[in-house]
Amino acid sequence: MPRFQARVLVRLRPSVLDPAGEAARGAAERLGVEGLSKLRIGKAVEMELEAPDEAEARRRVELLSDRLLANPVIEDWTLELQQS
Amino acid sequence: MSIGVIVFPGSNCDRDVQWATEGCLGMSTRRVWHEETDLTGFDAIVLPGGFSYGDYLRCGAIARFAPALQSLIDFAAKGGRVLGICNGFQVLTELGLLPGALTRNRDLHFICEDAHLKVVSQRTAWMQGYSDGALTLPIAHGEGRYQCSDETLKQLQDEDAIALSYGNNPNGSVSDIAGITNASGSVLGLMPHPERACDPATGGTDGRRMLEALLG
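Residues numbered from 1 in each chain as written. Chains lettered and ligands numbered in written order. Predicted model: local features only at pLDDT ≥ 70, side-chain atom pairs only at ≥ 80, totals over all residues. Heavy atoms only, no water.

A. Layout of the interface of chain A and chain B. Listed per partner, the contact involves 15 residues of chain A and 15 residues of chain B. For chain A, the biggest contributors to the area lost against chain B are Pro-19, Arg-67 and Leu-68 of chain A; these three give 35% of the whole. If you look at where chain A meets chain B, you find one salt bridge. Residues Arg-58 of chain B and Glu-75 of chain A are paired through a salt bridge, measuring 3.7 Å at the closest nitrogen-oxygen approach. There are six residue pairs in polar contact (both at pLDDT 80 or more) connecting chain A and chain B. (Contact = heavy atoms within 4.5 Å. Buried area = accessible area lost by both parts, 1.4 Å probe. Salt bridge = Lys/Arg side-chain N within 4 Å of Asp/Glu carboxyl O. Polar contact = N/O pair within 3.5 Å; in protein donor to acceptor, adjacent residues only side chain to side chain.)

B. Focus on the pattern of salt bridges. As enumerated under the stated definition, the model contains 17 salt bridges over all chains in all. Here Arg-25 of chain A and Glu-22 of chain A are joined by a salt bridge, their closest N and O atoms 3.3 Å apart. Of this pair, Arg-25 of chain A and Glu-22 of chain A both sit in helix 1 (residues 19-31), three residues apart, roughly one helical turn. A residue is classified by how much of its surface remains accessible, and Glu-22 of chain A, at 40% relative accessible area, is partly exposed. One salt bridge connects Arg-123 of chain B with Asp-160 of chain B, and the closest N-O pair in it is separated by 3.9 Å. (Helix = DSSP H or I, 4+ residues; strand = E, 2+ residues; numbered from the N terminus. Buried < 20%, exposed > 50% of the residue type's maximum accessible area, 1.4 Å probe, protein only.)

C. Region of the structure containing the sheet that holds strand 1 (residues 3-7) of chain B. Residue and element names in this part refer to chain B. In space, the nine strands of this open sheet follow the order 2-1-3-4-11-10-9-6-7, with mixed pairing throughout. Looking along the sheet, the strands with just one partner apiece sit at the ends: strand 2 (29-33) and strand 7 (134-141). Each neighbouring strand pair of the sheet contributes to a mean axis angle of 25°, computed without reference to strand direction. Bridge analysis of strand 4 (residues 81-85) against strand 11 (residues 187-190) gives four bridges, and the strand direction is parallel. Across the sheet, the residue bridging to Val-82 is Val-187, located in strand 11. On top of the sheet, helix 1 (residues 14-24) reaches strand 1, strand 2, strand 3 (44-47) and strand 4; it is set at about 160° to strand 2, its chief contact. Running over the sheet, helix 3 (residues 87-95) touches strand 3, strand 4, strand 10 (177-181) and strand 11 and is turned about 120° from strand 4. (Pairing = 2+ DSSP bridges. Axes fitted to C-alpha atoms, helices over the stretch in contact; angles between N-to-C directions.)

D. Representation of the sheet that holds strand 3 (residues 75-83) of chain A. All names here are of chain A. Read across the sheet, three strands follow the order 2-1-3 without closing on themselves; strand pairing throughout is antiparallel. Two strands in the sheet have a free side with no partner beyond their single neighbour: strand 2 (43-50) and strand 3. Between one strand axis and the next, the sheet turns by 20° as a mean value, whatever way the strands run. Alignment of strand 1 (residues 3-12) against strand 2, held across eight bridges, turns out to be antiparallel. The partner of Arg-7 across the bridge, within strand 2, is Glu-46.

E. Representation of the pairing of strand 9 (residues 162-166) of chain B in the model. Residue and element names in this part refer to chain B. Across the five residues of strand 9, five count as buried, placing the element largely inside the fold. As judged from the three bridges shared by strand 6 (residues 111-119) and strand 9, these two strands associate in the antiparallel manner. Within strand 9, the position partnered with Val-119 by the bridge is Leu-164. As paired strands, strand 9 and strand 10 are joined by three bridges and run antiparallel to one another. Each residue of the ladder has a partner; that of Ser-165, found in strand 10, is Ile-177.

F. Highlighting the packing of aromatic side chains. All names here are of chain B. Enumeration over the complete set of coordinates arrives at two aromatic pairs over all chains. An angle of 50° between the planes, with centres 6.4 Å apart, marks the rings of Phe-8 and Tyr-53 as tilted. Here Phe-8, found in the loop between strand 1 and helix 1, pairs with Tyr-53, found in the loop between strand 3 and helix 2 (67-77); they are 45 residues apart in sequence, far enough to count as distant. Judged by centre distance (6.2 Å) and plane angle (5°), the rings of Phe-89 and Tyr-146 are stacked. In this pair, Phe-89 sits in helix 3 while Tyr-146 sits in strand 8 (residues 145-147), placing the two residues 57 residues apart along the sequence. Like Tyr-146, Phe-89 is buried. (Phe/Tyr/Trp six-rings, centres within 6.5 Å; stacked < 30°, edge-to-face > 60°.)

G. Local environment of the environment of Ala-24 of chain A. Residue and element names in this part refer to chain A. On the secondary structure map, Ala-24 appears in helix 1. By relative accessible area, which is 27% here, Ala-24 ends up partly exposed. Sequence spacing of Ala-24 and Ala-57 is 33 residues, and the spatial spacing of their C-alpha atoms is 35 Å. Excluding its chain neighbours within four sequence positions, the residues that come into contact with Ala-24 are Leu-39 and Ile-41.

H. Here's a closer look at helix 1 of chain B. All names here are of chain B. Turning to helix 1, its buried residues number three or more, namely Asp-14, Val-17, Gln-18, Ala-20, Thr-21 and Cys-24. Summarising the contacts, the buried residues of helix 1 are in contact with strand 1, strand 2, strand 3, strand 4 and helix 5 (208-212). Once helix 1 finishes, Gly-26 follows within two positions and takes phi at roughly 70°, a positive value.

This is the structure:
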């Protein structure tokens, strides 16, 4: 059975305030890093799975992303998938 | 007539709810482990506060898949009363029984204080006891900022489903929202803790009328 590596990036939707990102941006300024106009924090979820083919692997990870890893009310996600 | 309180790993207000509903108000109450699936015999279900499954991934995201909550969907569909308090509110939004989501407080602080609340809609049984339109309940949360799309907010307003709002909006919630119901009014989710305001010795009694509505 082919093996796949998947990485899902979960991000707050642009319209949703990210206070943790704002706090980190404030700390970056105190560190002396200038010119940082945006800092938003998301999650990276790394997975390995076995599936008959890439289409099926994609279907499974997309289902997982939609139903568990991200909440579509407040978050978007993107998927990177490759065969091991 | 009896009330079920769903207990998840990480729930920490389940006993407080039972103390309030049974100890203070004399209503028969049983705690229900999240792996149970049989909710028959209950007239109302409470999802208590706490940190179900450690709040891993997102608050309420994993609790949503608990066996008891698959039964809760049927329970709610038949019109059974469901009350989600704090983490329970977060679970209800993840489960889809209420719209929107709860996110990190605007100022990042865990807020633990008395909240002065306004009754926005008195149409449901939960709020009918508050004829003066105001009450004070404790809040204790780090992720209570209610968030929803403009369309959902309009829908809540059109359905008269905003139950409670904050006087000073401590967490940055959309439209000052502290609690909402579904369209029929059978399901209420709120961040404040009515079970912590049921005895004059421990911070007032403004929560009693809301809890009495579980079986009212």
